[in-house]
Structure formats: structure tokens, C-alpha cells
Amino acid sequence: KGFSLATFQGRNTVHQQKQLKLDEMLTFRDVLDIPLTDEQVQNPKGGEFFRNPGPNSPEVKYMLDRRTELGGPLPIRTPAKVSGLIELPPAENFQIFDKGSEKAMSTTMAF
């Protein structure tokens with residue numbers, strides 16, 4: 001937890017961290033070898049703070065290849081049919097439950 005956030009390493013509070021102090025941002029940049037100058041970290045303007053590797057970069061090509069391999073940006077995952085995997089018992093086995101119970105029952109007792 002808190003990978004690369006030196007002041008938060010190993011602490012659950014890292015998930016609640018909304019903003020980083022300047023020294024934390026500089027350490028984060030150095031540890032992850034992010035090519036930003038001190039000036040860019042101290043005074044981010046618009047999108048200058050973020051990097052765009054470009055549409056023909058190896059990173060973007062890799063990501064798009066994986067996305068295509070998964071079936072697109074919203075892959076379709078069809079669940080397996082249980083009836084094809086196991087033989088289900090006949091419906092009459094469950095008729096005892098159709099009548100319900102004469103007395104009130106909590107859900108934890110039902111299960």
C-alpha cells in the first residue's frame with residue numbers, strides 16, 4: 001500500500017490521500033522516474049503536467065492490442081450455462097419449499 005508515496009508506505013491512509021504536498025510530488029516523480037522538471041511539478045498548467053506518449057507509441061499500441069484481444073473497450077462475457085455443466089435435479093425435489101413455513105422465519109434461519 002502506498003507504493004511510491006514515501007510518507008504513506010504501508011499505511012491504509014494512502015487511500016484517503018486526495019492531494020500530495022510538493023515534496024511528496026517530487027519524491028513520487030523521482031522514484032517513478034517521471035520526466036517532469038521541478039517547475040512542471042510546482043506549477044502545473046492545464047495538461048502540461050500529464051504526458052501523452054502519442055498514438056503511435058509502443059505503450060499505446062500495446063494497450064490497444066490488449067483491448068482488441070479482449071473484444072473491444074466493452075468486452076462481452078457470456079456466462080456458462082449451468083445445465084451444460086451439471087445435471088440438475090428434477091423440479092419436484094424442491095416442491096417442499098413451495099409451501100413455505102407456517103411460522104415467521106428470519107432470512108438467516110431460512111438459509
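On a predicted model such as this, the values are computed, not experimentally measured, just so you know.

Visitor: Talk me through the overall build of the chain; I want residue IDs and the actual numbers.
Guide: When helices and strands are counted, the chain shows 6 helices and 0 strands. For the chain, the α and β elements follow one another from N to C terminus as α-α-α-α-α-α. Counting over 111 residues, the chain shows a buried share of 14%. Surface accessibility of the chain: about 10200 Å² in total, with carbon and sulfur atoms responsible for 57%.

Visitor: Please set out the environment of valine 60 residue by residue, giving values where relevant.
Guide: Residue position: valine 60 is located in helix α3 (residues 58-69). Among all residues touching valine 60, those that are not within four sequence positions of it are Pro53, Gly54 and Pro55.

Visitor: Tell me about helix α1 (residues 22-31), and please be specific about residues and values.
Guide: Taken as a whole, α1 has its buried residues at Glu24, Met25, Leu26 and Arg29. Residues of α1 that are buried in the fold lie against α2 (38-42).

Visitor: Tell me about the confidence of the model for the chain, and name the residues and values.
Guide: Overall, the prediction assigns the chain a mean pLDDT of 77, with 76% of residues at 70 or greater. Ranking the helices and strands of the chain by mean pLDDT puts α3 first, with 92, and helix α6 (residues 107-110) last, with 67.

Visitor: With reference to specific residues and values, describe the pattern of salt bridges.
Guide: Going through the model one piece at a time under the given rule, you end up with 3 salt bridges. In this structure, arginine 29 and aspartate 30 form a salt bridge, with 2.9 Å as the shortest nitrogen-oxygen distance. Among the salt bridges present, the one from arginine 29 reaches aspartate 38, with a minimum N-O distance of 2.5 Å. A single network of salt bridges, built from pairs that share partners, joins Arg29, Asp30 and Asp38.

Visitor: Outline unusual backbone geometry, listing residues and values.
Guide: For aspartate 33, which is not glycine, the phi dihedral falls at a positive 55°. Looking at where aspartate 33 falls in the secondary structure, it is placed in the loop between α1 and α2.

Visitor: Now, about a nonpolar patch on the surface: what can you tell me, with residues and values included?
Guide: Judged by side-chain polarity, Val82, Leu85, Ile86 and Leu88 come together as a nonpolar surface patch covering roughly 410 Å² of accessible area. Of note, isoleucine 86 is situated in the loop between α4 (82-85) and α5 (95-98).

Visitor: Can you explain α3? Please cite residues and give values.
Guide: End to end, α3 covers 16 Å across 12 residues, agreeing with the expected 16 Å (1.5 Å per residue, within 8%). Just downstream of α3 lies glycine 71, where phi reads positive at about 100°.

Visitor: How would you explain the side chain of arginine 29 if you had to name every residue and give the values?
Guide: If you trace the backbone, arginine 29 turns up in helix α1. Apart from the residues within four sequence positions on either side, arginine 29 is in contact with Ile34, Leu36, Thr37, Asp38 and Val41.

Conventions used here
- Residues numbered from 1 in each chain as written.
- Predicted model: local features only at pLDDT ≥ 70, side-chain atom pairs only at ≥ 80, totals over all residues.
- Heavy atoms only, no water.
- Helix = DSSP H or I, 4+ residues; strand = E, 2+ residues; numbered from the N terminus.
- Buried < 20%, exposed > 50% of the residue type's maximum accessible area, 1.4 Å probe, protein only.
- Areas by Shrake-Rupley, 256 points an atom, 1.4 Å probe, with all protein chains shown as cover.
- Contact = heavy atoms within 4.5 Å.
- pLDDT = per-residue confidence, 0-100.
- Salt bridge = Lys/Arg side-chain N within 4 Å of Asp/Glu carboxyl O.
- Patch = residues over 30% accessible without salt bridge, like charges linked within 9 Å, V, L, I, M, F, W, Y side chains within 5 Å.
- Expected span 1.5 Å × (residues − 1).

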